[in-house]
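Now for the letters of each chain:
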Amino acid sequence: MSAEHPAPESYSYLGPAGTFTEAALKQVEGAAGKPWRSVNNVGEALADVLEGRSAAAMIAIENSVDGGVTATQDALATLPGLRIVGEYLVPVRFVLVARRGTRLADVRVVNAHPVAYGQSRRWMDSALPSHGHIPATSNVAAAASLLLNEHADAAIAPPGIVDHYDLEVLAEDIGDNPNAVTRFVLVSRSTALPAPTGADKTSIIVELPSDRPGTLLEMLEQFSTRGVNMSLIQSRPIGDALGRYRFVIDLDGHVLEERVADALLGLRRFSPKVLFLGSYARADGAPVGIDPQYGDDNFVEARDWLRDLVSGATAD
Ligand SMILES: O=C(O)C(=O)C[C@]1(C(=O)O)C=C[C@@H](O)C=C1
């Protein structure tokens, strides 16, 4: 298959097999049986999509304990031509594994994906207060590397890991929160909008025009004056100078809904950069509540009223 013509519905994901990212990809309807490409990082997954090696990539974007996956947010902010087409949730739990015969007291260095490490900090600090940490490309890669080299004594990994690798569990459920969930998104180059479902999200990235007082409030007003709820707002440094930030935002609703479209128009008028990452169905299926004042009918009625007023069709 040439790079210009990716296999239809071929997917890239953070591997190797057994990662939470793979668990997210397994949720994609129709993905089973299509070609899947295991990659080492988010940048590689997105490059696969942009350069045509895969039609879509599954990437982690937010964790309920550790927050936004900054590598993903920064990549989406800087790589043009990508769209989020779906959202998937995976409950995440962790165990500490080691080579057979290792005792917890022997563990000096732990290999772990930074996001998994960030979710296990409390346990690590209390059970292994003087441990060192080597970052891994994924949770499964962390565990697998224990059998390839002795750089680390233990690894943070998904619970099923010992079914596939000859390792021993030293501690179960080491995550700071047993109900932790990671949110994944499926990203493609397709600009076709998924149809609104009534339970949708819109993801955007916005830069502010200047750091004069009130600009952040002006941005937030675009949402509040249209009754649009935000489910995520996170600032990330733009990177060109200290104190310059962009905002990663998830809105409740679909761009084909009037209030969301109108908020985007408002943003576009004052922001030097509004990146539309996509409107897609929420993974939890929770319908978006809309105050009737901000319903589509009200926007259409107001526009018709103005048009008739301007054209002279009505006097008031
Ligand atoms: O998919 C995996 O298993 C990973 O190692 C990646 C990743 C992530 O990038 O956030 C996925 C879910 C967990 O929250 C921790 C790590």
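Quick caveat: nothing in here was measured; it's all calculated off a predicted structure.

### Remarks on helix 8 (residues 258-270)
Then, in step 1: The terminal C-alpha atoms of helix 8 lie 19 Å apart, and with 13 residues this matches the ideal 18 Å at 1.5 Å per residue to within 8%.
Then, in step 2: For helix 8, every residue scored as buried is listed here: Glu258, Arg259, Val260, Ala263, Leu264, Gly266, Leu267 and Phe270.
Then, in step 3: Here the buried face of helix 8 lies against strand 12 (200-207), helix 7 (215-224), strand 14 (245-252), strand 15 (273-281) and helix 9 (296-311).

### Here's the deal with the UniProt feature "domain: ACT" (unreviewed entry) in the protein
Then, in step 1: Within this structure's numbering, the places UniProt gives as "domain: ACT" (unreviewed entry) are residues 204-279.
Then, in step 2: Annotation note: span residues 204-279, helix share 30%, strand share 36%, distance between end C-alpha atoms 9 Å.

### Things to note about a nonpolar patch on the surface
Then, in step 1: Together, Trp305, Leu306, Leu309 and Val310 line one region of the surface with nonpolar side chains, adding up to about 390 Å² of accessible area.
Then, in step 2: You can see Leu309 is positioned in helix 9.
Then, in step 3: Classification of Leu309 by relative accessible area gives partly exposed; the value is 31%.

### Some remarks on the domain arrangement of the protein
Then, in step 1: By the assigned domains, the protein splits into domain 1 (19-92 + 186-191), domain 2 (95-171) and domain 3 (193-296).
Then, in step 2: Here the C-alpha centre of domain 2 lies 25 Å away from the C-alpha centre of domain 1.
Then, in step 3: Between domain 1 and domain 2, the residue contacts involve 8 residues of the former and 10 residues of the latter.
Then, in step 4: Taken together, both faces of the contact between domain 1 and domain 2 bury some 700 Å²; the carbon and sulfur share is 64%.
Then, in step 5: Considering only the surface of domain 1 that becomes buried against domain 2, Thr19, Phe20 and Asp66 emerge as the three largest contributors, covering 57% of it.
Then, in step 6: Counting every contact that joins domain 1 to domain 2 gives 0 salt bridges.
Then, in step 7: Inspection of the region where domain 1 meets domain 2 yields 1 residue pair in polar contact (both at pLDDT 80 or more).

### Thoughts on the site of the ligand
Then, in step 1: In the vicinity of the ligand there are 14 residues, among which Phe20, Thr21, Gln119, Asn139 and Thr182 approach most closely.
Then, in step 2: For the ligand, an oxygen atom lies 2.8 Å from a polar atom in the backbone of Phe20.
Then, in step 3: Notes on the ligand: free accessible area 370 Å², of which the protein chains cover 98%.
Then, in step 4: The cavity where the ligand resides is the largest pocket.

The rules behind these values
Residues numbered from 1 in each chain as written. Predicted model: local features only at pLDDT ≥ 70, side-chain atom pairs only at ≥ 80, totals over all residues. Heavy atoms only, no water. Helix = DSSP H or I, 4+ residues; strand = E, 2+ residues; numbered from the N terminus. Expected span 1.5 Å × (residues − 1). Buried < 20%, exposed > 50% of the residue type's maximum accessible area, 1.4 Å probe, protein only. Contact = heavy atoms within 4.5 Å. UniProt positions renumbered as here; feature names shortened; annotations may be inferred. Patch = residues over 30% accessible without salt bridge, like charges linked within 9 Å, V, L, I, M, F, W, Y side chains within 5 Å. Areas by Shrake-Rupley, 256 points an atom, 1.4 Å probe, with all protein chains shown as cover. Salt bridge = Lys/Arg side-chain N within 4 Å of Asp/Glu carboxyl O. Domains from an automatic or database assignment. Buried area = accessible area lost by both parts, 1.4 Å probe. Polar contact = N/O pair within 3.5 Å; in protein donor to acceptor, adjacent residues only side chain to side chain. Near = heavy atom within 4 Å. 1 Å grid on protein atoms, 1.4 Å probe; cavity = no way out; pocket = protein on both sides within 12 Å on 5 of 7 lines; lining within 4 Å. Sits in = over half its atoms within 2 Å of the grid points.

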